[in-house]
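If you want the building blocks of each chain, they are given just below.
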Amino acid sequence: AKLTIQVLDDSSDDTQAIIAAQVAALRARGVPITHIRRAERDGFKAGALAYGLTLTDADYAAVFDADFVPPRDFLKRTIPHLMCDPQLALVQGRWGHLNSKQNLLTRALSLAIDGHFMVEQVARNRGGLLMNFNGTGGVWRVSAIHDSGGWLDRTLTEDMDLSYRAQLRGWRLLFLPEIVVPGEVPPRIIAYQRQQRRWANGGSRCFALLIKPVWQHPRFTLAQRLMATLHLCQYLVHPLIMLLLLLAPPLLIMGELQRLPLGVVGALGVFPPLVFVFSQRALYHDWLKRVGIGMLPLVIVGMGMAWSNARGALRGLVSAGSVFERTPKYNGTGRVKYHLRSRSDVLIELALCAYTAWGALIAAQLAPALFGYLAIYSVAFGVVGLWGLWDDGAA
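Residues numbered from 1 in each chain as written. Predicted model: local features only at pLDDT ≥ 70, side-chain atom pairs only at ≥ 80, totals over all residues. Heavy atoms only, no water.

## Looking at the overall build of the protein
Phase 1: Scanning the protein from N- to C-terminus turns up 15 helices and six strands.
Phase 2: Relative to its full complement of 395 residues, the protein shows a buried share of 50%. (Helix = DSSP H or I, 4+ residues; strand = E, 2+ residues; numbered from the N terminus. Buried < 20%, exposed > 50% of the residue type's maximum accessible area, 1.4 Å probe, protein only.)

Here you go:
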């Protein structure tokens, strides 16, 4: 058969029956689709993907998460690239949004997703730098997967792990921003926090496992090595942020921060938001409106996630024993049937809100240039904490 569709189902709830019914209906219509369940649910998503490959002899494997809807011509626009270039391992499409206007959070997160794909991924790919598969919306050459060691569950970001191992083996990856695969943006803060904590954990674990091979690779340029390092350790900035936030009040009291060139440091903070502005301008005619609505919530949510991301990043850096917490699928409803998070994160975030507010009051008297920095973090921790508390009660 030219096409086989596998539904890799590791669910342990009523999802299994829903999928079975849908697959049976599609098979009755002649669709070549199979419902695959494993006897042992080990290895999380990587384990399911690896098991699926054992049941097919296909040359190419497209991967889509359950909440992504590929365009009808996806394979026609991606497979030819793989067929024409024997060194190409992956063609990755750009994530679109099924629910970008659902609420304020989805508007904000859509900006972040667009910034990653339209600026970061485009720059990495066109600049000849190392890039990563984003876990969905892409198609792999199966022989490249096997040559690179296969899908491994040694991290929670098996997509980044395989991508780097493939590039270390000499394979190339291609990103095509014009191929858009819409997916669901997490509409609730606790779902987004779970997703980001998993990515922070897995990304930092990839850093621990891959940074040495990247620097030892004989054919990588210095620019490729440096940018790969920044890419792999991107979530490690959060433990550093938490350290600085915790140290700022006592250092202010001791008089150690007043002499720092805080104005210059603060000016550097202008550059990251430009990534989102440029991506919106490149994609949408109403980009100013999108930026105006989503930018402030994105900044607040991003800053307020510092504690959660720091915890995930540090755990991934020092330990491989982490549990894969999947991002829940809402299907536009905003509700799921299971509990998502404990209240411990909320309490810590609210405590950090109070602590940084205290630091802001100290800074107002001793180092006014630091007041805004600490005050914004206080607001961010408070917003994320209270938002999480609201979501927790609404689950």
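## Observations concerning the pattern of salt bridges
Phase 1: Considering all chains together, one arrives at 13 salt bridges under this definition.
Phase 2: Residue Arg 37 is joined to Asp 9 by a salt bridge in which the shortest nitrogen-to-oxygen separation is 3.0 Å. Highlighted residues: Arg 37 in the loop between β2 (33-36) and α2 (44-53) and Asp 9 in the loop between β1 (5-8) and α1 (15-28), separated in sequence by 28 residues.
Phase 3: Ionic pairing is found between Arg 290 and Asp 286, a salt bridge with its closest N-O pair at 3.0 Å.
Phase 4: What you see here is one network of salt bridges that share partners, running through Asp 10, Arg 38 and Asp 42. (Salt bridge = Lys/Arg side-chain N within 4 Å of Asp/Glu carboxyl O.)

## So, the packing of aromatic side chains
Phase 1: Throughout the structure, instances matching the rule amount to 11 aromatic pairs.
Phase 2: On the numbers, 5.9 Å between centres and 35° between planes, the contact of Phe 117 with Phe 175 is tilted. Within this pair, whereas Phe 117 is found in helix α4 (residues 104-126), its partner Phe 175 is found in strand β6 (residues 172-183), the two being separated by 58 residues in sequence.
Phase 3: For Phe 175, a relative accessible area of 4% gives the class buried.
Phase 4: Measuring from centroid to centroid gives 5.3 Å for Tyr 373 and Tyr 377, while their planes differ by 65°, and the two rings are edge-to-face. Of this pair, Tyr 373 and Tyr 377 both sit in helix α15 (residues 371-394), separated by four residues, roughly a single helical turn.
Phase 5: Using a relative accessible area of 32% as the deciding quantity, one classes Tyr 373 as partly exposed.
Phase 6: Taken together, the ring pairs connect Phe 68, Trp 95, Phe 117, Phe 175 and Trp 199 into an aromatic cluster. (Phe/Tyr/Trp six-rings, centres within 6.5 Å; stacked < 30°, edge-to-face > 60°.)

## Here we look at the sheet that holds strand β3 (residues 60-63)
Phase 1: Strand order in the open sheet formed by four strands is β3-β5-β4-β6, with mixed pairing between adjacent strands. Two strands close off the open sheet at either side, each with one partner strand: β3 and β6. On average, each strand axis in the sheet is tilted by 20° relative to the strand beside it, whichever way the strands run.
Phase 2: Across nine bridges, strand β4 (residues 88-97) lies against β6 in parallel orientation. When the bridges of β6 are listed, His 97 appears paired with Gly 183.
Phase 3: Strands in contact with helix α3 (residues 74-84) are β3, β4, β5 (138-141) and β6; relative to β6, the strand with the most contacts, it is inclined by about 180°. (Pairing = 2+ DSSP bridges. Axes fitted to C-alpha atoms, helices over the stretch in contact; angles between N-to-C directions. Contact = heavy atoms within 4.5 Å.)

## Let's talk about a nonpolar patch on the surface
Phase 1: On the surface, a nonpolar cluster with roughly 430 Å² of combined accessible area is contributed by Leu 240, Leu 243, Leu 244, Leu 247 and Tyr 373.
Phase 2: Sort the elements by how many residues they give to the nonpolar patch and helix α9 (residues 237-253) lands first, with four residues. (Patch = residues over 30% accessible without salt bridge, like charges linked within 9 Å, V, L, I, M, F, W, Y side chains within 5 Å. Areas by Shrake-Rupley, 256 points an atom, 1.4 Å probe, with all protein chains shown as cover.)

## Describing the pairing of β3
Phase 1: Going residue by residue along β3, you find Ala 61 and Val 63 tucked away on one face and Tyr 60 and Ala 62 left uncovered on the opposite face.
Phase 2: Strand direction decides the pairing type here: β3 and β5, joined by four bridges, are antiparallel. Among the inter-strand pairings, Tyr 60 is bridged to a residue of β5, identified as Arg 141.

## Concerning the side chain of Gln 196
Phase 1: By secondary structure assignment, the location of Gln 196 is in helix α7 (residues 189-216).
Phase 2: For Gln 196, the contacting residues outside a window of four places in its chain are Tyr 235, Met 305 and Asn 309.

## Focus: α4
Phase 1: In this model, α4 (23 residues) spans 32 Å end to end at C-alpha, consistent with the 33 Å of a helix rising 1.5 Å per residue.
Phase 2: At His 116, α4 shows its largest kink, close to 25°. (Expected span 1.5 Å × (residues − 1). Bend = angle between axes of the 7 residues up to and from the residue.)

## Notes on the environment of Leu 111
Phase 1: Within the secondary structure layout, Leu 111 lies in helix α4.
Phase 2: Along the sequence, Leu 111 and Gly 294 sit 183 residues apart, while their C-alpha atoms lie 6.8 Å from each other.
Phase 3: In contact with Leu 111, other than residues within four places in its own chain, are Phe 276, Ser 279, Gln 280, Arg 290, Val 291, Gly 294, Met 295 and Leu 298.

## Brief notes about the pairing of β5
Phase 1: With burial as the criterion, each face of β5 is covered, one bearing Gly 138 and Trp 140 and the other bearing Val 139 and Arg 141.
Phase 2: Bridge count for β4 against β5 is three bridges, and the pairing is antiparallel. Along β5, the bridge assignment pairs Val 91 with Val 139.

## A short note on helix α6 (residues 158-168)
Phase 1: Within α6, 11 of the 11 residues are buried, which leaves it mostly tucked inside the rest of the structure.
Phase 2: The complete set of buried residues in α6 reads Glu 158, Asp 159, Met 160, Asp 161, Leu 162, Ser 163, Tyr 164, Arg 165, Ala 166, Gln 167 and Leu 168.
Phase 3: On its buried face, α6 sits against α2, β5, α5 (142-147), β6, α7 and α8 (222-232).
Phase 4: The positive-phi residue at the C-terminal boundary of α6 is Gly 170, with phi of around 100°.

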